[in-house]
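Chain and residue survey
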Amino acid sequence: MGEEVKRTTYNDAHRREYRRKLQLCLDVFETMLVQSRFDSAKPLTGMEIECNLVDADYQPAMSNREVLDAIGDPAFQPELGAYNIEFNVPPHALPGHTTLDLEGEVRASLNDAETKAGVGGAHIVMIGILPTLMPEHLATGWMSDSRRYAALNESIFTARGEDIPINISGPEPLSWQAVSIAPESACTSIQLHLQMAPEAFPANWNAAQVVAAPQLALGANSPYFFGHQLWAETRIELFTQSTDTRPEELKSQGVRPRVWFGEGWITSVLDLYHENIRYFPPLLPEVSDEDPAAELAAGRTPRLSELRLHNGTVYRWNRPVYDVVHGRPHLRLENRVLPAGPTVVDMLANSAFFYGLLRSLSEGDDPVWGSMDFAAAQANFLAAARDGIGARLHWPGLGDVPATALVLDTLLPIADEGLRRWGVDAEVRDRFLGVIEGRARTGRNGASWQVSTVRALEDKGINRPAALAEMLRRYCEHMHANEPVHTWES
């Protein structure tokens, strides 16, 4: 959940002052990149896991306030939907045995939260889209109690001036009209963070854009929405459409969507912040009391509140994050590509694959993006979202190849070398990259398991709603067992 705001509606004066402060923040940030020491001596990684809540019948439970009160841990926070919560995993370093230790810690925290939630009749599910979610669940009472979310809903619909059409292709195409941003709440993800020096950011962001497609193909876990089988990772297209501030006329004019793959390869983190201001009007023009220029002149670290808030409403799949901890500024890359789940071991395998690839590709003498059109990386990303583990992806020197072959023959050795450079123990590399290899060899990830399980249930005469609920029940059993998804039986 982002920082809370003071109001839910804004006037022209708010917007004019916010634009002035936003530009001032960007100017100060540009100065800081030259003059300030960003904290990067010991790079840390972080993880946010968005979860769903269900009742005993595996239907959405709109009870996050009660569940969070029962959990009583500030690491767990509300998300947009009243049936969503978010778990913030404490930052940690990569080297050594750390990630294996983290697996136990994350499981223990989630198990404890599940036990406490269960007292009130709710259960926690880590999945990209809750398959039992239906239109009637998003009619009323679906939003968390938060001024930020109410303001976001108001601003998006004020900008559009009309309802949001949700049109998604797939085996069972869906067309629906949204009268709020409720469908956005269906999209639950895992966000991976990597702290780095500003000068290292461009190569890491470019590398993250390149690997977004194979990441998604192997990790897809959202094949159903409103009972329809759609994309392998329907969350990508649903999130894009449900936050779209553009009516049809602006789409035709080439105005960018708020959920955005990007414009092209970058040479500085400033490229992304400049694009944010150039292309996207403010959604939450909340003005702080800070004078960032005065703070910097006084030798203090400005928080750059307007810059951070605006950046938080431009939904890049790989996003820059400026933050201040203990008075020191730092810069992070936030990877938002992957859905939540299916298990803790699967999510940590996804993170190890990502961090390993980034380390090797960002340090390469012959960057892969130097011989790859940005449009090809975007096309790969959409193909991975649609087709999941069965996608074919373009890769320089190889042409169009199956995603599984690309991972097995090319990317896994690169990821292993990157983790070795991070100082990750061989035992850790083998465990987590072995999970990625297992998915690629079996052709089974969360999305394919969900679809095959529902088909098997329907072949026995069970109707779709009942099949989805039974599939989710089995999913939760496997999730708690923490065996990687490629080993699950339908």
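Residues numbered from 1 in each chain as written. Predicted model: local features only at pLDDT ≥ 70, side-chain atom pairs only at ≥ 80, totals over all residues. Heavy atoms only, no water.

An unreviewed UniProt entry lists the protein chain under the name Glutamate--cysteine ligase, with Mycobacterium parascrofulaceum ATCC BAA-614 given as the organism. UniProt's Catalytic activity (unreviewed entry) comment on the protein chain is quoted here verbatim: "L-cysteine + L-glutamate + ATP = gamma-L-glutamyl-L-cysteine + ADP + phosphate + H(+)". (UniProt positions renumbered as here; feature names shortened; annotations may be inferred.)

A separate point is helix α3 (residues 98–119). With 22 residues, α3 extends 32 Å from end C-alpha to end C-alpha; this agrees with the ideal 32 Å at 1.5 Å per step. Every buried residue of α3 is listed here: T99, L100, L102, E103, V106, L110, A113, E114 and A117. Angular distribution of buried residues about the axis of α3 spans 150°; they occupy a single face of the element. Set apart from the buried face of α3 by more than 90 degrees, the exposed residues are E105, T115 and V119. The first or second residue beyond α3 is G121, which carries a positive phi of 90°. (Helix = DSSP H or I, 4+ residues; strand = E, 2+ residues; numbered from the N terminus. Expected span 1.5 Å × (residues − 1). Buried < 20%, exposed > 50% of the residue type's maximum accessible area, 1.4 Å probe, protein only. Arc of directions from axis to C-beta.)

Under the defined criterion, the tally for this structure stands at 21 aromatic pairs. Aromatic side chains F29 and Y322 sit 5.6 Å apart centroid to centroid with 75° between the ring planes, which places their arrangement in the edge-to-face category. You can see F29 sitting in helix α1 (residues 12–35) and its partner Y322 sitting in strand β12 (residues 318–325), a full 293 residues away along the chain. With centroids separated by 4.9 Å and ring planes inclined at 80°, the aromatic side chains of W176 and F226 adopt a geometry described as edge-to-face. Of this pair, W176 sits in strand β6 (residues 174–178) while F226 sits in the loop between β8 (224–225) and β9 (228–229), and the two are 50 residues apart along the sequence. Three or more aromatic residues joined by ring pairs form one cluster here, namely W205, F239, F261, W265, Y315, W317, F374 and F381. If you follow R278 out to its NZ or CZ, it ends over the ring of Y279, 5.4 Å from the centre. (Phe/Tyr/Trp six-rings, centres within 6.5 Å; stacked < 30°, edge-to-face > 60°. Lys NZ or Arg CZ within 6 Å of the ring centre and 35° of its normal.)

The next point concerns the pairing of strand β13 (residues 328–335). Counting buried positions along β13 gives 7 out of 8 residues, so the element sits mostly inside the fold. When strand β7 (residues 190–196) meets β13, the two strands line up antiparallel, connected through 5 bridges. Looking at β13, one finds that L194 is bridged to L333. Of the pairings in the sheet, the one linking β12 to β13 comprises 8 bridges and is antiparallel in character. (Pairing = 2+ DSSP bridges.)

This brings us to the nonpolar core. Ranked by internal contacts, the top residues of the largest apolar core, which has 158 residues, are F29 and I49. Here this core gets 12 residues from one element, more than from any other, and that element is helix α11 (residues 344–362). Apart from residues no more than four positions distant in its own chain, F29 is found in contact with F38, V269, L270, Y273, L304, L307, Y322 and L331. (Core = buried A, V, L, I, M, F, W, Y, C linked by side-chain atoms within 4.5 Å. Contact = heavy atoms within 4.5 Å.)

It is worth spelling out the environment of W449 at this point. The topology assignment puts W449 in helix α15 (residues 446–459). Note on W449: relative accessible area 0%, which makes it buried. It is 31 Å that separates the C-alpha atoms of W449 and P257, two residues lying 192 residues apart in sequence. Other than its neighbours up to four places away in sequence, W449 contacts R444, M471, R474, Y475, H478, V485, W488, E489 and S490.

Moving on to the environment of P171. Here P171 lies in the loop between β5 (164–168) and β6. Separated by 59 residues in sequence, P171 and L230 place their C-alpha atoms 5.9 Å apart. Once you skip the residues sitting within four places of it in the chain, P171 turns out to touch Q229 and L230.

With that out of the way, let us pick up the packing of α15 against helix α16 (residues 464–481). Look at α15 against α16: their axes get within 9 Å of each other, and the N-to-C directions meet at 130°. Classified by the interaxial angle, the pair formed by α15 and α16 is oblique. In this structure, α15 crosses over α16, and the sense of that crossing is right-handed. Counted together, W449, Q450, T453, V454, L457 and E458 of α15 and R464, A467, L468, E470, M471, R474, Y475 and H478 of α16 form the full contact between these two elements. (Axes fitted to C-alpha atoms, helices over the stretch in contact; angles between N-to-C directions. Parallel < 35°, antiparallel > 145°, perpendicular 65-115°, else oblique. Left-handed = near helix turned anticlockwise from the far one by under 90°.)

Note that P320 resides in strand β12. When the C-alpha positions of P320 and W142 are compared, they lie 30 Å apart, and in sequence the two are 178 residues distant. Ignoring anything within four residues of it in the chain, the contact list for P320 reads F201, V269, L272, Y273, N311 and R332.

Turning to the pattern of salt bridges, a few remarks are in order. Applying the stated criterion across every chain, the model contains 30 salt bridges. In this structure, K116 engages D112 in a salt bridge whose closest nitrogen and oxygen atoms are separated by 3.2 Å. On the criterion of helical spacing, the pair formed by K116 and D112 is a turn pair, its members being 4 residues apart in helix α3. Among the residues examined, K116 registers a relative accessible area of 30% and is labelled partly exposed. (Salt bridge = Lys/Arg side-chain N within 4 Å of Asp/Glu carboxyl O.)

On the secondary structure map, E290 appears in the loop between α8 (269–279) and α9 (292–297). At 3.1 Å, the side chain of E290 forms a polar contact with the backbone nitrogen of L304. (Polar contact = N/O pair within 3.5 Å; in protein donor to acceptor, adjacent residues only side chain to side chain.)

This paragraph deals with α1. In this model α1 runs 35 Å from its N-terminal to its C-terminal C-alpha over 24 residues, within 8% of the 34 Å that 1.5 Å per residue would give. In this structure, the buried residues of α1 make contact with α8, α9, α10 (305–311), β12 and β13. Where α1 begins, the capping side chain belongs to N11, and its oxygen is found 3.0 Å from the backbone nitrogen of A13.

The next subject is the pairing of strand β14 (residues 392–395). Burial of the side chains of β14 is restricted to one face: L393 and W395 are buried, whereas none of R392 and H394 on the reverse face is. As defined by bridge partners, β14 adjoins strand β15 (residues 399–402) across 4 bridges and the pair is classed as antiparallel. Directly across from H394, in β15, lies its bridge partner D400.

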